[in-house]
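# Architecture and fold: a report
One-letter residues, chain by chain:
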Amino acid sequence: MKSPAEIIQLMMEKDAFSQWMGVEVLETGLGKCKLRCTVHQDMLNGHAILHGGITYSLSDSALAFASNSHGNRAVSIETSISHIRKGEVGDVLTAVATEVHRGRTIGIYEVIVTNQHDKVVSHFKGTVHVSPEIW
């Protein structure tokens, strides 16, 4: 059976969007993951602040890595995000995914994204379907 780090590495190799965002994997473990990326100019929206899709995507990647870390393939079936604080060019975002519940076929995760000042930028909740397929 593959370790969480091996599974996440396999996923990252095929994850062009996370690579484009410059996502770095800081920590891995069963049901958890910590990621980081830096906000750059082409991540801004029409208000010249961080596009909400970036914090959503960072959170979604953390969800994917955390939920697949057990060895079974898992895909999201429902997600939501609350945007709490704006982001700007140069901000360093850290996403921490935590497993809230893990059943045979359903997993629930929370992802908190903070900036370099440890201020919460977004709060994300994701539900995944856990398949019997193994990595």
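Given the structure is predicted, the values throughout are model-derived calculations rather than measurements.

### Observations concerning the pattern of salt bridges
The full count for this structure, using the stated rule, is 4 salt bridges. For Glu-133, the salt bridge goes to Arg-73, with nearest N and O atoms at 3.2 Å. Here Arg-73 lies in strand S3 (residues 72-83) and Glu-133 lies in strand S6 (residues 120-134), a separation of 60 residues in the sequence. Among the residues examined, Glu-133 registers a relative accessible area of 49% and is labelled partly exposed. The residue Glu-88 makes a salt bridge to Lys-86 at a minimum N-O spacing of 3.2 Å.

### Here's the deal with helix H3 (residues 52-68)
Along its 17 residues, H3 runs 24 Å from first to last C-alpha, staying within 8% of the 24 Å computed at 1.5 Å per residue. Of all the 17 residues making up H3, 12 are buried; the element is thus mostly covered by neighbouring parts of the structure. Within H3 the residues assigned to the buried category are Ile-54, Thr-55, Ser-57, Leu-58, Ser-59, Ser-61, Ala-62, Leu-63, Phe-65, Ala-66, Ser-67 and Asn-68.

### Overview of unusual backbone geometry
Not every positive phi belongs to a glycine, and Ala-48 is a case in point at roughly 65°. In this structure, Ala-48 sits in the loop between strand S2 (32-38) and H3. A relative accessible area of 53% places Ala-48 in the exposed class. Phi is positive for Asp-118, which is not a glycine, with a value near 60°. Summarising the element assignment, Asp-118 is placed in the loop between strand S5 (106-114) and S6.

### Looking at the sheet that holds S6
Spatially, S1-S2-S4-S5-S6-S3 is the arrangement adopted by the 6 strands of the open sheet, whose pairing is antiparallel. At either end of the open sheet lies a strand with only one pairing partner, and these are strand S1 (24-29) and S3. Each strand axis lies, on average, 20° off the axis of its neighbour in the sheet, ignoring direction. Each of S1 and S2 is contacted by helix H1 (residues 4-14), which is oriented at about 145° to S1, the strand it contacts most. Contacts from H3 reach S2, S3, strand S4 (92-102), S5 and S6, with the element oriented near 150° to S3.

### Concerning the packing of aromatic side chains
For any pair of aromatic rings, geometry is given as the distance between the ring centres together with the angle between the planes. Enumeration according to the criterion identifies 2 aromatic pairs in this entry. Judged by centre distance (5.5 Å) and plane angle (35°), the ring pair of Phe-17 and Trp-20 falls under tilted. With Phe-17 and Trp-20 both in helix H2 (residues 16-21), this residue pair falls 3 residues apart, about one helical turn. Judged by its relative accessible area of 37%, Trp-20 is partly exposed. Taken together, a centroid distance of 5.3 Å and an interplanar angle of 70° make the contact between Tyr-56 and Phe-124 edge-to-face. Linking Tyr-56 in helix H3 with Phe-124 in strand S6, this pair joins segments that are 68 residues apart in sequence. Here the guanidinium or amino end of Arg-73 rests over the ring plane of Trp-135, the centre of that ring lying 3.7 Å away.

### What about H1?
The set of residues buried in H1 consists of Pro-4, Ile-7, Ile-8, Met-11 and Met-12. Viewed end-on, H1 has its buried residues packed into an arc of 135°, placing them on one side of the element. Those residues of H1 that are exposed and angled more than 90 degrees off the buried face are Glu-13 and Lys-14. At its buried positions, H1 is contacted by H2, S1, S2 and H3.

Reading guide: rules and limits
- Residues numbered from 1 in each chain as written.
- Predicted model: local features only at pLDDT ≥ 70, side-chain atom pairs only at ≥ 80, totals over all residues.
- Heavy atoms only, no water.
- Salt bridge = Lys/Arg side-chain N within 4 Å of Asp/Glu carboxyl O.
- Helix = DSSP H or I, 4+ residues; strand = E, 2+ residues; numbered from the N terminus.
- Buried < 20%, exposed > 50% of the residue type's maximum accessible area, 1.4 Å probe, protein only.
- Expected span 1.5 Å × (residues − 1).
- Pairing = 2+ DSSP bridges.
- Axes fitted to C-alpha atoms, helices over the stretch in contact; angles between N-to-C directions.
- Contact = heavy atoms within 4.5 Å.
- Phe/Tyr/Trp six-rings, centres within 6.5 Å; stacked < 30°, edge-to-face > 60°.
- Lys NZ or Arg CZ within 6 Å of the ring centre and 35° of its normal.
- Arc of directions from axis to C-beta.

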